[in-house]
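Structural features, examined
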Amino acid sequence: MTPDITPLAGFDKDGALQEASDHLERTLSRASLFRRGGLLVAGGLLAGSLPVALAGAQGVPKGDVAILNYALTLEYLEAAFYKKALADGALKGEYRRFAQVAGEHEQAHVGALKKALGSKAVKRPNFDFQGTTADQATFAKTAQTVEDLGVEAYQGQAGNIKTPAILRAAISIHPVEARHAAWIRSIQGRGSGQPSPAPAAFNPAKDMNAVLAAVQGTGFIAMAESGSGSAVDGAPSMAG
Amino acid sequence: MSEPALHEVATLEEVDRDGAIREAAEEVRGDTRAAFLRKGGIVAGVGIGLAGFPARIAMAQGTPKSDVKILNFALTLEYLEAAFYAEANAKGKLDGVTATFAQVVGGHEAAHVTALQQALGSAAVKKPTFDFKGTTGSEGTFLKTAMALEDTGVGAYQGQADKIKTTAILGSAGAILAVEARHAAWVRDIIGAGHNPKPAPSAFNKALTMKQVLDAVGETGFIKS
């Protein structure tokens, strides 16, 4: 159930994300990205997170690396969104508390994914949240959209992940995104009951293309950082 | 994460008079008596049902027995949750957002039961009888118990994800996992308004093994027979 998100519509003027996606597709087809990191690193588990430098380990399928970088891109976006919202100072009370807690979680997800990917991690893009962090109501609607999308994104990849340790890690993040989504919905629904924290008995999933189209529609990914291997190169456009 | 205030704690052995739950649990745990699984040797057409699980997938050729056990494990938990909310709704002691929560979530759990039953076909375990020990009779105990059940449900689905062999089953389990997590966060927010307990208590949700879940359920004494 994607909510109506008027503030987010129609921003992606430069098509930067699509461009980056196309670039990644070419990169993946050459597979140069994956031949580079031949280091075999012991996949020790961090507390509650991903195996360190797992993506650099031999035998981890390219598809899993692409999924991890896709997840990392979404987590970069979420973490930056909450950081900006807290810095803007427009949030009060439970909205502020939600942003602090969810922001810490997203930052922890970024850290875990970066460690798992090692040198294969995509760089952090530059973001422009289009003013959505500057007032509480817009922040809340946007947070709801971003969190709902995060749930759908992880859910859409579970069946595609080949490495059990990566699946376990992803499936420990998936319900946390769902908890965030329900939480911000519950805060907004005080009194009215809407939006419902759990709008359906079965959560919908989205494949990569649908998620990337939604992200692109926000215009939140402003531009890649300069230099090769830039951030949005990691936003894959592989079919989910 | 505090435990619900359950008045009586009984072990599974104490309440499981005819051994039905024990038997189901053992099946679920992968004991050798897999007779009920062998029973359903019919290969059914695997159409995707409304709710996501392919209908009668448990009886389809190529579906591993371990997946059938996981589905029955999930079904047992969903029976319990659905019955808990049905009883709470019937007693009518809940007001406002708590009543809304119980109605909405009860509807979801009933939908999960139906989907799992359809996926399992004749391999589905039967619904146990429950005794919720009075926890549905007041708002305070209802909320604490709902939180414990939902948090357990999330950990239970999460703990099975990497053991599921059939991609379609994994997809449907993921669709339920996210909803259980939404329920857990919702009831936590009702209880603590975002403070204590936190709707999202940590960055990485903790998975529970089948044994941990069955032990926790056994300790509640909610399953009578």
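Scroll up to find the structure this text is about.
Residues numbered from 1 in each chain as written. Chains lettered and ligands numbered in written order. Predicted model: local features only at pLDDT ≥ 70, side-chain atom pairs only at ≥ 80, totals over all residues.

1. Quick word on the overall build of chain A
Heads up, the rule is: A run of DSSP states H or I qualifies as a helix once it reaches four residues; a run of E qualifies as a strand once it reaches two. Both are numbered from the N-terminal end. To sort residues by exposure, count the other C-beta atoms lying within 10 Å of each residue's C-beta; 20 or more gives buried, 12 or fewer gives exposed, and values between give partly exposed, all with C-beta atoms placed from the backbone. It is the C-beta atoms, placed from the backbone, that decide contacts: two residues are in contact if theirs lie within 7 Å.
Looking only at helices and strands, chain A features seven helices and two strands. Listing each helix as α and each strand as β along chain A from the N terminus yields α-α-α-α-β-α-α-α-β. Among the 240 residues that make up chain A, the fraction classed as buried is 53%. Once local pairs closer than 6 in sequence are excluded, the contacts in chain A between residues at least 24 apart make up 80%.

2. A few points about the nonpolar core
So the rule is basically this: Each nonpolar core reported here comprises buried Ala, Val, Leu, Ile, Met, Phe, Trp, Tyr and Cys residues connected via C-beta atoms within 7 Å.
With 131 residues, the main nonpolar core has Ala170 of chain A together with Leu71 of chain B as its most contacted residues. Ranked by residues supplied to this core, first place goes to helix H3 (residues 62–88) of chain A with 15 residues. If we ignore the near neighbours within four places in the chain, the residues touching leucine 71 of chain B are Ala58, Leu116, Ala119, Leu120 and Ile169 of chain B.

3. Remarks on the interface of chain B and chain A
Operational definition: We call Asp, Glu, Lys and Arg charged. Ala, Val, Leu, Ile, Met, Phe, Trp, Tyr, Cys and Pro are nonpolar, and the rest, Gly among them, are polar.
Counting residues at the interface gives 39 residues for chain B, matched by 40 residues for chain A. The element best represented in the side of chain B that touches chain A is helix H7 (residues 167–192) of chain B, accounting for 16 residues. Split into classes, the residues belonging to the side of chain B that touches chain A amount to 23 nonpolar, 12 polar and four charged.

4. Brief notes about the environment of valine 215 of chain A
Residue and element names in this part refer to chain A. Residue placement: valine 215 occurs in helix H7 (residues 208–218). Valine 215 gets classed as buried once you count the C-beta atoms within 10 Å, which come to 22. Distance in space between the C-alpha atoms of valine 215 and arginine 190 is 28 Å, their sequence separation being 25 residues.

5. A few points about the packing of helix H6 (residues 164–188) of chain A against H7 of chain B
Formally: Whenever a helix is involved, its axis is fitted only over the stretch in contact; in every case the axis is a line through C-alpha atoms, and angles between N-to-C directions fall within 0 to 180 degrees. The scheme is simple: roughly parallel for angles under 35 degrees, roughly antiparallel for over 145, roughly perpendicular for 65 to 115, oblique for anything else. Handedness of a crossing is defined here by the sense of rotation of the near helix relative to the far one, left-handed for an anticlockwise turn of less than a right angle and right-handed for a clockwise turn.
Following both chains from N to C, one finds H6 of chain A and H7 of chain B inclined at 45 degrees, their axes separated by 8 Å at the closest point. In this view, H6 of chain A runs oblique relative to H7 of chain B, as classed from their interaxial angle. Relative to H7 of chain B, H6 of chain A is oriented so that their crossing is right-handed. When H6 of chain A is examined against H7 of chain B, the residues His174, Pro175, Ala178, Arg179, Ala181, Ala182, Trp183 and Ser186 of chain A are found in contact with a partner set consisting of Gly174, Leu177, Ala178, Ala181, Arg182, Ala184, Ala185, Trp186 and Asp189 of chain B. Residues belonging to the contact of H6 of chain A with H7 of chain B are distributed by class as follows: 11 nonpolar, three polar and three charged.

6. Here we look at helix H5 (residues 96–120) of chain B
The condition that has to hold: For a helix, the expected span equals 1.5 Å multiplied by the residue count minus one.
Compared with the 36 Å implied by 1.5 Å per residue over 25 residues, the 36 Å span of H5 of chain B between its first and last C-alpha is a close match. Glycine 121 of chain B lies just past H5 of chain B and shows a positive phi near 55 degrees.

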